[in-house]
Amino acid sequence: MPATFRNRGCWFAVVAVSVLTSAPAALAQVFGVETHNTLMPASGAMGGASIARPQDATSAINGNPASLSQYRGTQFVFSGAWTEPTFNLSQASNLPTVGPPVIEPFAAKSTAQGTPVGNIGVTQDLDLLGLPATLGLGFVTTSGLFADWRHVPESNGTNTALAIFSLPIGVGVDVTENLSIGASMAMGIAFFDGPFVGAGGMTSDYALRGTIGANYELTDSTTVGGYYQTEQSFHFDNALLLNLGPFQTNVDVDMDLPQNFGLGAANSRLLDGRLLLAADLLYKLWDEADLYRAVYRNQWVVQLGSQYSIGRYRLRAGYAWAENPLDPSPGLNIGGVAVGELPAARYTQGLLAVTNQHRISGGVGVADVLPGIDLDLMAGGMFRDAEQLGPFTETSLASYWIGLGMTWRFDHAGAQER
């Protein structure tokens, strides 16, 4: 096969992988491509801060499993959110694909619609069995993508979709009066769809991810905690089809969600216990994650939250800061696809450029809006950020999100105090 044709295939592959994994155009409220409880009904209003004292059960199930032991009786949470991004891409040079067509210079906004996000969780303590433990089970939206530039002829029909869901099950155990530990395992379900007609199709894969964590009550009003989360490795068979026709080549793509370390603290001493302050620190190991290691570097994230209680009402506010994860020296192998030229890697970074550092959020919770039912409302925004990547690619991204959730609480008779 001529070298020029092979190079075009590589260019096409990187463009395809880029668009396939460009989560900024979908969930929009992400650190890299992960939400870390920023779209949960209560934690979402507190900047996602939820490691030490999560204020909704789904945040405990999806985050630090040791905090599950804070939930008593039976609780069921059903929540939903809507994220709406504004993602603009400007490309100033040609990117060859398979055959004569190329991605020509263009500047346009993705016309993909916003994304609905669902999160469901249930917790059940085991006090009636004489065990100081609580089980948790959930269905969580991890990340997603709907990016669409088909209205731009120069984009050569770029259109794609990505959705990743997680089914975590975990347990939190009170070891002593002050110390709790926990562990969880999540089955991830990912769906990949190619960006160009005839060059890709819906591809799926499953992968496991484990989390271990601990919480410790320093005082009656102060709790500290932390967790470690393994990577989640997806392998998409035949995700891309290059050189359609008699010379067709099937390309597999490897993609990992990264290892994560989290530390958190929460304090409720102020204002006679009515004010809860929480802070989380996350460290994301993108450098060890397939596909993303080529375009990202390890990332720090800070999440700050507050909650003020007035009778049945909970007033919440939050702020999150995220380090720009883009690697100044991108790699030329993306998810197992060798890329021969730097402009293609820069274009990939442009489609993954969640460079926004500042996000704010707020919300309100109402206890017993109906007997045994709590209501939580939240909203937030990610401030606009623009990024120039090399001489040809520029991106601009901003987003907002809104959501609500309801929690049904069922206390059982005979439960013992831990």
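Keep in mind the model is a prediction, meaning the values are calculated, not measured.

Asker: Can you walk me through the packing of aromatic side chains in this structure?
Answerer: A ring pair, where both rings are aromatic, is described by two values, the distance of the centres and the angle of the planes. One pass over the structure, following the stated rule, counts eight aromatic pairs. Centre to centre, the rings of Tyr228 and Phe261 are 4.9 Å apart; their planes meet at 45°, and the pair counts as tilted. In this pair, Tyr228 is assigned in strand E10 (residues 222–229) and Phe261 in strand E13 (residues 259–267), connecting sequence segments 33 residues apart. The class for Tyr228 is partly exposed, based on a relative accessible area of 25%. In this structure Phe261 comes out as partly exposed when scored by relative accessible area, which is 37%. For the ring pair Trp286 and Tyr292, a centre distance of 5.3 Å and an interplane angle of 65° mean the geometry is edge-to-face. The burial state of Trp286 is the same as that of Tyr292; both residues are buried. Following the ring pairs from residue to residue traces out a cluster consisting of Trp286, Tyr292 and Tyr296.

Asker: I'm lost on the layout of surface pockets in this one. Help?
Answerer: Unfilled space is identified by rolling a water-sized probe across the atoms. As a volume, the second largest pocket reaches approximately 390 Å³. Taken together, 17 residues line the second largest pocket, and the ones lying closest to its centre are Gln55, Asp56, Tyr71, Gln75 and Asp374. Sort the elements by how many residues they give to the lining of the second largest pocket and strand E19 (residues 358–370) lands first, with three residues. Here the lining of the second largest pocket is built from residues that sort into five nonpolar, five polar and seven charged.

Asker: How should I be thinking about the pattern of salt bridges in this particular structure?
Answerer: When the charged atoms of two side chains with opposite charge come close together, those side chains can pair. Scanning the model with the defined rule gives nine salt bridges in all. Between Glu34 and Lys284 there is a salt bridge, with its nearest N and O atoms 2.6 Å apart. Of this pair, Glu34 sits in the loop between helix H1 (3–20) and helix H2 (57–62) while Lys284 sits in strand E14 (residues 275–285); the two residues are 250 residues apart in sequence, bridging distant segments of the chain. Lys284 carries the same exposure label as Glu34, and that label is buried. Close ionic contact of Asp376 with Arg316 constitutes a salt bridge, the shortest N to O distance being 2.8 Å. Taken together, the residues span a long stretch of sequence, with Asp376 in strand E20 (residues 373–389) and Arg316 in strand E16 (residues 313–322) at a distance of 60 residues.

Asker: When you look at the confidence of the model for the chain in this model, what are you seeing that I'm missing?
Answerer: Detailed reading of the predicted model is not advised wherever pLDDT is low. Here the chain averages 87 in pLDDT, while 87% of its residues score no lower than 70. Across residues 18–22 the pLDDT falls below 50, and counting only partners more than four positions away or on other chains, this stretch makes 28 contacts in the model. Scored below 50 in pLDDT, residues 413–417 shows seven contacts in the model against residues more than four places distant or in partner chains.

Asker: Looking at this model, I keep getting lost on a nonpolar patch on the surface. Mind explaining?
Answerer: Nonpolar side chains collect at one region of the surface, where Leu137, Phe139, Leu167, Ile169, Met185, Met187, Tyr206 and Leu208 lie side by side and expose about 730 Å² of accessible area between them. If you list the elements that add at least two residues to the nonpolar patch, you get strand E6 (133–148), strand E7 (159–174), strand E8 (179–193) and strand E9 (203–217). Of note, Tyr206 is situated in strand E9. Residue Tyr206 is classed as exposed on the basis of its relative accessible area of 51%.

Calculation notes
Residues numbered from 1 in each chain as written. Predicted model: local features only at pLDDT ≥ 70, side-chain atom pairs only at ≥ 80, totals over all residues. Heavy atoms only, no water. Phe/Tyr/Trp six-rings, centres within 6.5 Å; stacked < 30°, edge-to-face > 60°. Helix = DSSP H or I, 4+ residues; strand = E, 2+ residues; numbered from the N terminus. Buried < 20%, exposed > 50% of the residue type's maximum accessible area, 1.4 Å probe, protein only. 1 Å grid on protein atoms, 1.4 Å probe; cavity = no way out; pocket = protein on both sides within 12 Å on 5 of 7 lines; lining within 4 Å. Points joined across faces, edges and corners; volume = space filled by probe spheres on them. Nonpolar A, V, L, I, M, F, W, Y, C, P; charged D, E, K, R; others polar. Salt bridge = Lys/Arg side-chain N within 4 Å of Asp/Glu carboxyl O. pLDDT = per-residue confidence, 0-100. Contact = heavy atoms within 4.5 Å. Patch = residues over 30% accessible without salt bridge, like charges linked within 9 Å, V, L, I, M, F, W, Y side chains within 5 Å. Areas by Shrake-Rupley, 256 points an atom, 1.4 Å probe, with all protein chains shown as cover.

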